[in-house]
Amino acid sequence: MGTTSRPRTAGVRQFLDLEQQRDWIAGKIDLPDAGDRSESLEQRFKYVARFEKLLSRPQAGEVLEILGLYGPNCIPLLRKTERYYWSVSCLPSTSDKPLVRVNASWMELFTLYAQGNDIRARFIVHLSDFTTDRSATPSQVDEPFLEQSVVMPEDISYFFPRGADIFGINVCGSASIRKLLRSRRVVRAIRTFNLTHMNRGRNAYQASHCYSVADYMQAD
């Protein structure tokens, strides 16, 4: 009689059990990451020119500082999961002309754009984390909470991407992006969404990962 093989655990579930994931989302635990990063020198050199081009932009300092907030606070096990479960691209050649974009699985997580000499951001999260009744109902968006999470109410807007329980948040200005990333409710929501997609398996955007940008996302 043959033995049945167990299905392979996908995503970060192979590193963190569900209780650890829930505790990290809630901010109850710090996760022990890998000591060293697994890095491809060929991949690093591939995007050096784009990174140098980014550095020449007036928004570069703000972009890298915001990523330094987003990375350690919003992505679990940054080193251990880098490139294979999340990635960051530098000046990706898409029609919306981002400065940087963070992806996991097949999903965009976070994007920064130029806005004059400042920046604007786009966050993709679960709609149910931003409604008054925790449902995925567009008419129940908690607008007062969103407006209180940024410097000025006009700095924030939202949209509904295609897909179940998906919500897009646009934030204008580095000051408002920083304030949003200091909200515990927002960070919990971002962590939840990011884990959802990191748990779906390998990142589809590994080939566009820019190690030079990712350097600024590391916790140290």
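For the structure, see preceding data.
Nothing here was measured: the structure is a model prediction, and the numbers come from that model.

K.L.:
Hey, could you go over the side chain of D129 for me, with residue numbers and the actual values?
P.N.:
By the element assignment, D129 lies in the loop between β4 (118-125) and α6 (143-148). Among residues more than four places away in sequence, those in contact with D129 are R134, R185, A189 and T192.

K.L.:
How would you explain the state of the cysteines if you had to name every residue and give the values?
P.N.:
As enumerated under the stated definition, the model contains zero disulfides in all. In this model C90 remains outside any disulfide bridge; the closest cysteine sulfur is found in C210, 4.6 Å from its own.

K.L.:
Provide a residue-level description of the packing of helix α4 (residues 60-74) against helix α8 (residues 184-198), including the pertinent values.
P.N.:
It is the contact of α4 with α8, at a shortest axis distance of 10 Å, that shows an interaxial angle of 65°. Relative to α8, α4 is oriented roughly perpendicular. Crossing handedness for the pair α4 and α8: right-handed. Across the interface between the two elements, Y70, N73 and C74 of α4 pack against V187, I190, R191 and N194 of α8.

K.L.:
Break down the environment of Q218 for me, citing the residues and quoting the values.
P.N.:
As for its position among the elements, Q218 is in the segment after α9 (211-214). Spatially, the C-alpha atom of Q218 lies 13 Å from that of S38, the residues being 180 residues apart in sequence. Contacts of Q218, omitting those with residues within four sequence positions, involve R37, P72, L78, R79, E82 and W86. Within the local environment of Q218, its side chain forms a polar contact with the backbone oxygen of A214, the two atoms lying 3.4 Å apart.

Reading guide: rules and limits
- Residues numbered from 1 in each chain as written.
- Predicted model: local features only at pLDDT ≥ 70, side-chain atom pairs only at ≥ 80, totals over all residues.
- Heavy atoms only, no water.
- Helix = DSSP H or I, 4+ residues; strand = E, 2+ residues; numbered from the N terminus.
- Contact = heavy atoms within 4.5 Å.
- Disulfide = S-S within 2.5 Å.
- Axes fitted to C-alpha atoms, helices over the stretch in contact; angles between N-to-C directions.
- Parallel < 35°, antiparallel > 145°, perpendicular 65-115°, else oblique.
- Left-handed = near helix turned anticlockwise from the far one by under 90°.
- Polar contact = N/O pair within 3.5 Å; in protein donor to acceptor, adjacent residues only side chain to side chain.

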